[in-house]
Amino acid sequence: MKHTEPTPLYALLDAIERCEERGHTYLASGGVSRQRSYAELMATALTVHGQLNARGLRAGQRLAVIAADASSFIPTFVAGVRAGLVLVPLAPPPLGGRQQSYAALLRQIAGVAELHAIVAPESLHTLVAEAMPGVPLLGYDELHTPTGQPTPAPAELTPDDTCFLQFTSGSTGTPKGVIVSYRNLAANTRAIMEHGLQITPRDVGVSWLPLHHDMGLIGKVLAPLAHRTEMVYLSTSAFIKNPNLWLDAISRHGGTISFAPNFAFAYVAKHYLRRPVPLHLGSLRVLGCGAEPINPEVLAEFSRCFAPLGLRDGVIAPSYGMAEATLAVSFSRRWHTLAIDRHACEAQRRALPCEAAGALRLVSCGPAFPEHAITVLDAQGQHLDAEAIGEIAVRGPSVSRGYFRNPEASAGNFVDGWLRTGDLGFLHGGEVYICGRVKDLIIVNGRNVCPQDVEWLVETLPGVRSGAVAAFAVPGAATEQVVVLLEARGQERGLEERIRERLAEEMGLTLHDVRVLPSGRIPKTTSGKVQRAKARGEYLAGSYDVEHAEASAEEPA
Ligand code: 649
């Protein structure tokens, strides 16, 4: 079958400008929401384009944009597309401090991206000016003020031009900017919207995802823009403070599609059980889960919790992807699991289906999208058969051509037309199952243990914060040894002991060390993923020793 080329985003701007019947709703924490049609959004984008042009910015130059609230970020991004600029979306500073590491991240990105200008909310100008000296700094307010001059013509672009650079944090080293072309973006948008979601003009998307990260930016802004999908946005910080707001927004606005990482499913269900509110979830037809290993227990618990509120069966849809493949590479319509033999997995790296008690249960992330392929490679780069566990590699029109000005990293990950993902997993029945990151694997006494297995078990204990556990290996005398760091809600007495007992009973693991930390101490990426390698580095450097001593001192003897 011959596939036609999907239309690139820049060629859809006229159609978006004419769309008055659908648009965005921006929810504010105070309860006042604002609505804007796609036509109004484009009118603002034209104003911003005028301002960018007046400041001498020209097609091909790189413009960083710190993702503030959706209502100012989105038209600014669209203006950059219209101007033919290479956009560089950046995270806002993390909630609750860590300003120094944020400034360091900005400095590193400025070093790689050679920016021509940066747009930041006025409140961050001092910080940004210090972190990125010499980069012209623009404010959202000034960009949203009309110049009084005629609107510049849209830039002339081709599908191979770069739309944006998606910076990924990585656990160590400098951040890498994935080059996302208009062709990549259009291919992935088509796969997600037409094949995966079978989007219709009646759909309503709801998102609290960070706007700088691929899932929030492409999944919830750019793909919906291309299809002029009705969208409701609330901020990530509002969601973190009150997780009920997500399902409440779906309930009030008749949301049909939403996506979130696994931690959010656990977080929302736990919070809801403590503070129930009225909800009607019958409108939802796809509730996607991706971006982190998916815990089947969490999905089952979420379904049990919200089925009485109208959440329909088969709505939860696991999805797998990464920035290097633009966003998504696979999608599963109805979530299901496969149980495999733990011993064969850990000792021989084979996925042997097995229904015995204690089997390892993994969630299917579905088959590769049309025009895309998934394979599994061994350490030498040879293709393996189905059921063999190895490194997942991906091919297809969504796969980027590499990292911006980083030939070594590009040559390492983009090999013979395949993207090496760094994820460990296997294929079964044409569907992909992800076991975790290759580099995070814990090898102890000849067993290959996936850290999330340990982390998920720890998370089942009362008092442990969801998505705030890190398991990793440190060198030991004969074999590697396992360390667990976790953040706890309040003071749970005897938590360390309970963790050690549970892991010994359920997984036969003896822990070298367990550290109960205050909230916010486990390192995470700007999109909220636990950075195990960084946590390990900090642990080995002794960064957690002081707090640990203080925390234990508070406990009665
Ligand atoms: C993951 C992105 C998941 C990511 C999302 C499709 C209205 C509303 C919505 C809409 C349209 C209209 O994490 C993408 C697919 C969203 C469509 C929304 O459409 N990228 S990343 O580069 O930051 O990280 C990639 C890594 O995350 C892990 C892997 O290690 C991967 O290399 N990861 C997973 N691990 C286990 N299981 C999964 N399912 C994973 N997905 C990503």
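In the block above lies the structure referred to throughout.
Treat the numbers as computed from the prediction; the structure is a model and nothing was measured. (Residues numbered from 1 in each chain as written. Predicted model: local features only at pLDDT ≥ 70, side-chain atom pairs only at ≥ 80, totals over all residues. Heavy atoms only, no water.)

*Asks:* Would you mind going over the layout of surface pockets with me for this structure?
*Replies:* Rolled over the atoms, a probe as big as a water molecule pinpoints where empty space is left. Empty space within the second largest pocket amounts to approximately 770 Å³. In terms of lining, the second largest pocket is formed by 30 residues, of which the most central are Asn-295, Glu-297, Trp-456, Leu-457 and Thr-460. Among the elements of the structure, α11 (262–274), α12 (296–306), β16 (360–363), α15 (451–459), β24 (464–474) and α16 (495–507) are those that each provide at least two residues to the lining of the second largest pocket. Element by element, the count of residues in the lining of the second largest pocket is highest for α12, at five residues. Looking at side-chain class alone, the lining of the second largest pocket contains 14 nonpolar, five polar and 11 charged residues. Both domains that furnish three or more residues to the lining of the second largest pocket are identified here as domain 2 (335–401 + 418–437) and domain 3 (442–554). (1 Å grid on protein atoms, 1.4 Å probe; cavity = no way out; pocket = protein on both sides within 12 Å on 5 of 7 lines; lining within 4 Å. Points joined across faces, edges and corners; volume = space filled by probe spheres on them. Helix = DSSP H or I, 4+ residues; strand = E, 2+ residues; numbered from the N terminus. Nonpolar A, V, L, I, M, F, W, Y, C, P; charged D, E, K, R; others polar. Domains from an automatic or database assignment.)

*Asks:* I would appreciate a short explanation of helix α4 (residues 99–113) in the present structure.
*Replies:* Three- or four-residue spacings in an α-helix give side chains the same orientation, since the helix completes a turn every 3.6 residues. The terminal C-alpha atoms of α4 lie 21 Å apart, and with 15 residues this matches the ideal 21 Å at 1.5 Å per residue to within 8%. All of the buried residues in α4 are Tyr-102, Ala-103, Leu-106, Ile-109, Ala-110, Val-112 and Ala-113. Looking at the residues trailing α4, positive phi occurs at Glu-114, about 45°. (Expected span 1.5 Å × (residues − 1). Buried < 20%, exposed > 50% of the residue type's maximum accessible area, 1.4 Å probe, protein only.)

*Asks:* Would you mind going over the nonpolar core with me for this structure?
*Replies:* It is characteristic of soluble globular proteins that their nonpolar side chains tend to be buried jointly. Core analysis: the biggest nonpolar cluster contains 116 residues, and Leu-222, Trp-246, Phe-265, Phe-302 and Phe-306 have the highest contact counts within it. If one sorts the elements of this core by residue count, helix α8 (residues 214–227) sits on top with eight residues. Split by domain, the residues of this core number at least three in each of domain 1 (10–241) and domain 2 (335–401 + 418–437). Those residues within four positions of Phe-265 in sequence are excluded, and the remaining contacts are Trp-246, Ala-260, Leu-287, Gly-288, Cys-289, Val-298, Leu-299, Phe-302 and Ile-316. (Core = buried A, V, L, I, M, F, W, Y, C linked by side-chain atoms within 4.5 Å. Contact = heavy atoms within 4.5 Å.)

*Asks:* Any chance you could explain the sheet that holds strand β11 (residues 257–260) here in plain terms?
*Replies:* Sheet strands pair via backbone hydrogen bonds, and the direction of the pair is either parallel or antiparallel. Judged by pairing direction, the sheet is mixed, and its eight strands sit side by side in the order β2-β1-β10-β9-β11-β12-β13-β14 without closing on themselves. Edge strands, defined here as strands with exactly one partner in the open sheet, are β2 (34–37) and β14 (328–331). Each neighbouring strand pair of the sheet contributes to a mean axis angle of 25°, computed without reference to strand direction. The pairing of strand β9 (residues 204–207) with β11 spans two bridges and is classified as parallel. Across the sheet, residue Val-206 finds its bridge partner in β11, namely Ser-258. Against the sheet, helix α2 (residues 38–54) makes contact with β1 (23–26), β2 and β10 (230–233), and its axis sits at roughly 85° relative to β2, the strand it touches most. α11 rests against β11, β12 (286–289) and β13 (316–321) of the sheet, and its axis sits at about 115° to β12. (Pairing = 2+ DSSP bridges. Axes fitted to C-alpha atoms, helices over the stretch in contact; angles between N-to-C directions.)

*Asks:* Explanation requested: the site of the ligand in the structure shown.
*Replies:* In the neighbourhood of the ligand, 27 residues make up the surrounding shell, with His-213, Asp-214, Ser-319, Asp-423 and Lys-529 lying closest. Residue Asp-214 places a side-chain N or O atom 2.8 Å away from a nitrogen atom belonging to the ligand. Here an oxygen atom of the ligand sits 3.3 Å away from a polar atom, N or O, in the main chain of Gly-219. The fraction of the free accessible surface of the ligand (880 Å²) that becomes covered by protein chains is 94%. When residues in the shell around the ligand are grouped by element, the largest group, five residues, is from α8. Tallied by class, the residues present in the shell around the ligand amount to 17 nonpolar, four polar and six charged. Among the domains, domain 1 (10–241) and domain 2 (335–401 + 418–437) are the pair contributing at least three residues each to the shell around the ligand. (Near = heavy atom within 4 Å. Polar contact = N/O pair within 3.5 Å; in protein donor to acceptor, adjacent residues only side chain to side chain. Areas by Shrake-Rupley, 256 points an atom, 1.4 Å probe, with all protein chains shown as cover.)

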